[in-house]
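Each chain, letter by letter, is given below.
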Amino acid sequence: MALNDYQGEYVTGGTFLYDGLVPMRVTIIAKDHDASYALGEAENWLEPDETPSAVGPDGVLYYQKGELTSHQTLAAAKAWIDAKSYGPIEWDAQPEMTPRGSKGPWGPRR
């Protein structure tokens, strides 16, 4: 799977209790581009001077799966998700790492 595709690449995930009872998952993915900018470009929604967000130090931007808000670091993405009203997130132990990142449930990053 390429980083620039729609799905992105799995990085990590966590669980929270919806309504304090039902376990629900959140997933963080990485993409090598600004997905919000790419959507705006495809739909012709960009302002004339708008530019894409710069990738972070890892060469990617991190997203909560299903969201378009980008974060330059994994820590920033986790903090943003933790600040939402989901309730406390129990983050998974960091998955086994390869030279490019996590192996996660979607396979190794290429």
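Heads up: these notes are all about the structure in this document. (Residues numbered from 1 in each chain as written. Predicted model: local features only at pLDDT ≥ 70, side-chain atom pairs only at ≥ 80, totals over all residues. Heavy atoms only, no water.)

Below, the discussion takes up the sheet that holds strand β1 (residues 9-18). One open sheet accounts for four strands, arranged β3-β2-β1-β4; its pairing is antiparallel. Edge positions in the open sheet fall to β3 (61-64) and β4 (90-91), since each of these has one partner strand only. One ladder, built from two bridges, connects β1 with β4; its direction is antiparallel. Across the sheet, residue Gly 14 finds its bridge partner in β4, namely Trp 91. Strands β1, β2 (22-31), β3 and β4 of the sheet are contacted by helix α2 (residues 74-82), whose axis makes an angle of about 150 degrees with β2. (Pairing = 2+ DSSP bridges. Helix = DSSP H or I, 4+ residues; strand = E, 2+ residues; numbered from the N terminus. Contact = heavy atoms within 4.5 Å. Axes fitted to C-alpha atoms, helices over the stretch in contact; angles between N-to-C directions.)

Right, let's get into the nonpolar core. Residues Val 11, Phe 16, Val 26, Ile 28, Ala 30, Val 60, Tyr 62, Leu 74, Ala 77, Ile 81, Ile 89 and Trp 91 constitute the largest nonpolar core, which totals 12 residues. Listing elements by their share of this core, those giving two or more residues are β1, β2 and α2. Excluding residues within four positions of it along the chain, Ile 28 makes contact with Glu 9, Tyr 10, Val 11, Thr 12, Tyr 62, Tyr 63, Leu 74, Ala 77, Lys 78, Ile 81 and Trp 91. (Core = buried A, V, L, I, M, F, W, Y, C linked by side-chain atoms within 4.5 Å. Buried < 20%, exposed > 50% of the residue type's maximum accessible area, 1.4 Å probe, protein only.)

Time to look at unusual backbone geometry. Backbone geometry places Asp 19, a non-glycine residue, at a positive phi of 55 degrees. Looking at where Asp 19 falls in the secondary structure, it is placed in the loop between β1 and β2.

Residue alternation in β3 divides its side chains into two sets, Leu 61 and Tyr 63 and Tyr 62 and Gln 64, and both sets are buried. Strand direction decides the pairing type here: β2 and β3, joined by four bridges, are antiparallel. Across the sheet, Lys 31 pairs through a bridge with Leu 61, a residue of β3.

Assignment of secondary structure puts Ser 36 in helix α1 (residues 35-42). Through-space distance from the C-alpha of Ser 36 to that of Leu 46 is 9.9 Å; in sequence the pair is 10 residues apart.

Turning next to the packing of aromatic side chains. Summed over the entire model, instances satisfying the criterion amount to one aromatic pair. Seen from their ring centres, Phe 16 and Tyr 86 are 4.7 Å apart, and the 20 degrees between their planes marks the pair as stacked. Here the residue Phe 16 occupies a position in strand β1, and Tyr 86 occupies one in the loop between α2 and β4, the gap between them amounting to 70 residues. In this structure, Lys 31 packs its charged tip against the face of Tyr 63, placed 5.6 Å from the ring centre. (Phe/Tyr/Trp six-rings, centres within 6.5 Å; stacked < 30°, edge-to-face > 60°. Lys NZ or Arg CZ within 6 Å of the ring centre and 35° of its normal.)

Summarising burial for β1: seven of the 10 residues are buried, a large majority. By the bridge criterion, nine bridges tie β1 to β2 in an arrangement that is antiparallel. When the sheet's bridge partners are listed, Thr 12 is paired in β2 with Ile 28.

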